[in-house]
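Structure assessment
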Amino acid sequence: MPGSAMNNGIAKPEPIGYITRVQCFSACHRLHSVHLSDEDNIKVYGKCNNPHGHGHNYKVEITVRGKIDHITGMVMNLTDLKRCIEEVIMIPLDHKNLDKDVPYFANIASTTENLAVYIWNNMAKAIAPNILYEIKIHETDKNTVVYRGE
């Protein structure tokens with residue numbers, strides 16, 4: 001039976017594993033929507049609409065999910081996952097102004113929710129299909145966003 005291991009002639013499903021890699025980066029942004037007036041932006045975003053922006057030390061957890069390969073014992077090689085994180089997160093986002101340095105945010109508010117979507121979309125292109133499970137971003141010790149591509 002494909003996708004199953006045999007145990008005494010009985011098909012046994014292949015084990016599924018989850019791997020999470022944690023990465024931290026620093027970036028600044030201004031919560032501001034081009035679709036709102038200046039007055040509405042202040043009402044919606046408050047002090048986070050400061051024209052000079054503000055910064056965060058983000059902590060991102062990238063989780064992949066898949067069958068544990070019976071030969072390598074891995075869902076994904078962590079070296080490959082680290083390389084993808086470097087290309088998708090660290091190079092374009094670390095020590096950057098999200099609104100000015102990342103074209104994706106030119107017309108999209110740089111909320112942590114939208115940051116999670118940005119990371120998901122780019123990680124999904126960089127790794128094997130259908131193994132990206134979750135992006136979790138800790139914006140502060142008290143604020144966390146989870147995105148699963150839905």
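Refer to the preceding data block for the structure.
Now for a description of the structure that goes with this document. (Residues numbered from 1 in each chain as written. Predicted model: local features only at pLDDT ≥ 70, side-chain atom pairs only at ≥ 80, totals over all residues. Heavy atoms only, no water.)

**Looking at the packing of aromatic side chains**
Applying the stated criterion across every chain yields a total of 6 aromatic pairs. Measuring from centroid to centroid gives 5.0 Å for Phe25 and Tyr58, while their planes differ by 20 degrees, and the two rings are stacked. Within this pair, whereas Phe25 is found in strand 3 (residues 16-29), its partner Tyr58 is found in strand 4 (residues 54-67), the two being separated by 33 residues in sequence. Under the relative-accessibility criterion, Phe25 is labelled buried at 2%. A ring pair is formed by Phe105 and Tyr118, whose centres lie 5.8 Å apart and whose planes are at 40 degrees; its orientation type is tilted. One end of the pair, Phe105, is in the loop between helix 3 (98-101) and helix 4 (112-126); the other, Tyr118, is in helix 4, with 13 residues separating them in the sequence. Each member of the pair, Phe105 as well as Tyr118, is classed as buried. (Phe/Tyr/Trp six-rings, centres within 6.5 Å; stacked < 30°, edge-to-face > 60°. Helix = DSSP H or I, 4+ residues; strand = E, 2+ residues; numbered from the N terminus. Buried < 20%, exposed > 50% of the residue type's maximum accessible area, 1.4 Å probe, protein only.)

**Here's the deal with the packing of helix 2 (residues 78-93) against helix 4**
A pair of packed helices is captured by two measures, namely the crossing angle of their axes and the spacing between those axes. Packing of helix 2 against helix 4 brings their axes to within 10 Å, and their N-to-C directions diverge by 140 degrees. One element, helix 2, and the other, helix 4, form an angle in the oblique class. As helix 2 packs across helix 4, the resulting crossing turns out to be right-handed. Judged by residue contacts, Leu81, Cys84, Ile85, Val88, Ile89, Pro92 and Leu93 of helix 2 engage Leu115, Tyr118, Ile119, Asn122, Met123 and Ala126 from helix 4. Looking at the contact of helix 2 with helix 4 residue by residue, the classes come out as 12 nonpolar, 1 polar and no charged. (Axes fitted to C-alpha atoms, helices over the stretch in contact; angles between N-to-C directions. Parallel < 35°, antiparallel > 145°, perpendicular 65-115°, else oblique. Left-handed = near helix turned anticlockwise from the far one by under 90°. Contact = heavy atoms within 4.5 Å. Nonpolar A, V, L, I, M, F, W, Y, C, P; charged D, E, K, R; others polar.)

The values are spatial; any link to function lies outside them.
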